[in-house]
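# What the coordinates show
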Amino acid sequence: MGTLDTVIIFLYFAILIGVGIIGSTKAKTTEDFALAGRNLGLFMYLGCLSAVILGGASTIGTAKLGYEFGLSGIWFVSMIGLGIIVLGTFFIKKIAKYKVTTISELLGKKYKSEARLITAIVASIYTLMVAVTQVIGMGTIINVLLGWNLTTSMFVGGGIVLFYTILGGMWSVTVTDIIQFVVMTVGIFAIMLPMSIAKADGIGSLISKLPESHLSLTSIGYAQIFQYFLLYTLGMVVSQDIWQRVFTAKSPSIARKGSLYAGIYSIAYALAGSIIGMCAFVILPNMGDTQNTFATLALNILPAGILGLVLASVISALMSTASGTLLASSTLITNDILRQYFMKDISDKKFLVLSRVTTLCVGLLAISFAVWIQDVLVALDVAYAILSGAIFVPFLLMFFWKKATPNAGFYSILASTIVVIGGLLIEGLASTNPIMYGIATGFVVLIGISLITNYRNKESLVTSLGDTKQG
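What counts, and where the lines are drawn
- Residues numbered from 1 in each chain as written.
- Predicted model: local features only at pLDDT ≥ 70, side-chain atom pairs only at ≥ 80, totals over all residues.
- Heavy atoms only, no water.
- Patch = residues over 30% accessible without salt bridge, like charges linked within 9 Å, V, L, I, M, F, W, Y side chains within 5 Å.
- Areas by Shrake-Rupley, 256 points an atom, 1.4 Å probe, with all protein chains shown as cover.
- Salt bridge = Lys/Arg side-chain N within 4 Å of Asp/Glu carboxyl O.
- Lys, Arg positive; Asp, Glu negative; His and termini not counted.
- Charge placed at Lys NZ, Arg CZ, Asp CG, Glu CD.
- Helix = DSSP H or I, 4+ residues; strand = E, 2+ residues; numbered from the N terminus.
- Core = buried A, V, L, I, M, F, W, Y, C linked by side-chain atoms within 4.5 Å.
- Buried < 20%, exposed > 50% of the residue type's maximum accessible area, 1.4 Å probe, protein only.
- Phe/Tyr/Trp six-rings, centres within 6.5 Å; stacked < 30°, edge-to-face > 60°.
- Contact = heavy atoms within 4.5 Å.

### Here we look at a positive patch on the surface
A cluster of basic side chains, namely Lys93, Lys94, Lys97, Arg256 and Lys402, defines a positive patch on the protein surface. With respect to the helices and strands, Lys97 occurs in the loop between helix H5 (75-96) and helix H6 (103-110).

### A few points about the nonpolar core
The nonpolar side chains of a soluble globular protein tend to be buried, and buried together. With 139 residues, the main nonpolar core has Tyr45, Ile53, Met192, Met319 and Phe395 as its most contacted residues. No other element matches helix H7 (residues 113-146), which puts 17 residues into this core.

### Focus on the packing of aromatic side chains
Applying the stated criterion across every chain yields a total of 16 aromatic pairs. Between the aromatic rings of Phe91 and Phe399, the centroid separation amounts to 6.0 Å while the plane-to-plane angle is 55 degrees, which identifies the pairing as tilted. One end of the pair, Phe91, is in helix H5; the other, Phe399, is in helix H16 (residues 377-400), and 308 residues separate them in sequence. Measuring from ring centre to ring centre gives 6.0 Å for Tyr228 and Tyr232, while their planes differ by 35 degrees; the resulting arrangement is tilted.

### Points about the environment of Arg256
In this structure, Arg256 sits in helix H12 (residues 252-283). Its relative accessible area of 36% is what places Arg256 among the partly exposed residues. Measuring from C-alpha to C-alpha, the distance between Arg256 and Arg456 comes to 40 Å, with 200 residues separating the pair along the chain. Not counting residues up to four positions away in its chain, the partners in contact with Arg256 are Gly88, Thr89 and Ile92.

### Here's the deal with the pattern of salt bridges
Scanning the model with the defined rule gives two salt bridges in all. A salt bridge links Arg116 to Asp336; the nearest nitrogen and oxygen atoms lie 2.6 Å apart. You can see Arg116 sitting in helix H7 and its partner Asp336 sitting in helix H14 (residues 306-341), a full 220 residues away along the chain. Taking the shortest distance from any N to any O, the salt bridge between Lys209 and Asp201 comes out at 3.4 Å. Of the residues examined, Asp201 reaches a relative accessible area of 55% and is grouped as exposed.

### A few points about a nonpolar patch on the surface
Together, Phe43, Met44, Val175, Val182 and Val186 line one region of the surface with nonpolar side chains, adding up to about 370 Å² of accessible area. Of all elements in the fold, only helix H3 (42-53) and helix H8 (150-199) reach the threshold of two or more residues within the nonpolar patch. Counting residues per element, the nonpolar patch draws most heavily on H8, which supplies three residues. Tracing the sequence through the fold places Val182 in helix H8. The partly exposed category is assigned to Val182, whose relative accessible area is 39%.

Here you go:
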């Protein structure tokens, strides 16, 4: 990579650090820090929501899938987009009235404090693991582009994200996400996609050179598509980093519209990424490691200066997701564990300090895990599996089945978590079945305990009324 491209990436880093410093002047209260004061308009909300759901895995992973499977590579990110559309269509209006900060806080209102605690633990681990994967991705890209040691690259990339997130919280994350949304959009749709197609001699030539399977929407396999649905569509609906973005909207109407638009944008992004991967299949037919499809194609077809901008767009995607998930994890810990159980009477000023310190600790933990493990994609799938398998059912029935009881919700989450973890240990970490086992367990436990509890309460009431009449 040339000097000009290196300068562009360093300039981009400098801008993000500057935004963090500016954001620190905005975050005066804990609501400012966690939710940007619940004051975002449609464009800012759309930008920051799109930026957080489309991480580095969405860009790098979709290009890889496009290279290997063609059009069928769209399903990974399309299922993420579908999850956001489902959240916007069916749930945002219902959850907006509660004025909560986290999903665990909401479940705690319906069920019991123990349900809030276990949900907070599961969701904070999930968001931490997502942050770890983004730090690894940033380190890998910086390592390839600048030639730095991988560990150093992870500390630099993760350190920049941690710096601006600690300073300004959601205000810094929002402003940097808008920058990253613009950079991502320009880099993928205005530069990488058209230049890839041009290098492949146009759409017609591309189609003629691809194998027939690459033009099928189902070549990746129905089982894989269903797995993406279980992991990502259901996972997006109950994911704290997504919820935290939803709560930043100025109104429920903005949150709903922005979520629908972000879902549609995600599907378009999936199509663009898959086509880029298909172009790479034609241009670079003998690629060894398909994980490097996007970066290798960019290095081969883009001129100096433009290359730096496009690679900055990939780093943007990683940083957006990393900052959002770091903040989500720290918010769950501070709001639903520390304040709920240890610091109930803490002042807002001290709570803001606590939020920053917790974000620092979570960030250092994420960077440490990234350096130590260096490949946590399986761990990420495990986190998604627990999230979807254990939390989706009580969340769904909270709104659509009024007979659910507090104890039933708690035991449903607890039993489903145990079943999902047990299933993963028995069937393997890559198995989809434990998610379905967890969902089935959640339904059976929640509905069963609720019906038994309601029946006993009814019997008790009848007995009590009978005793009253006799007296």
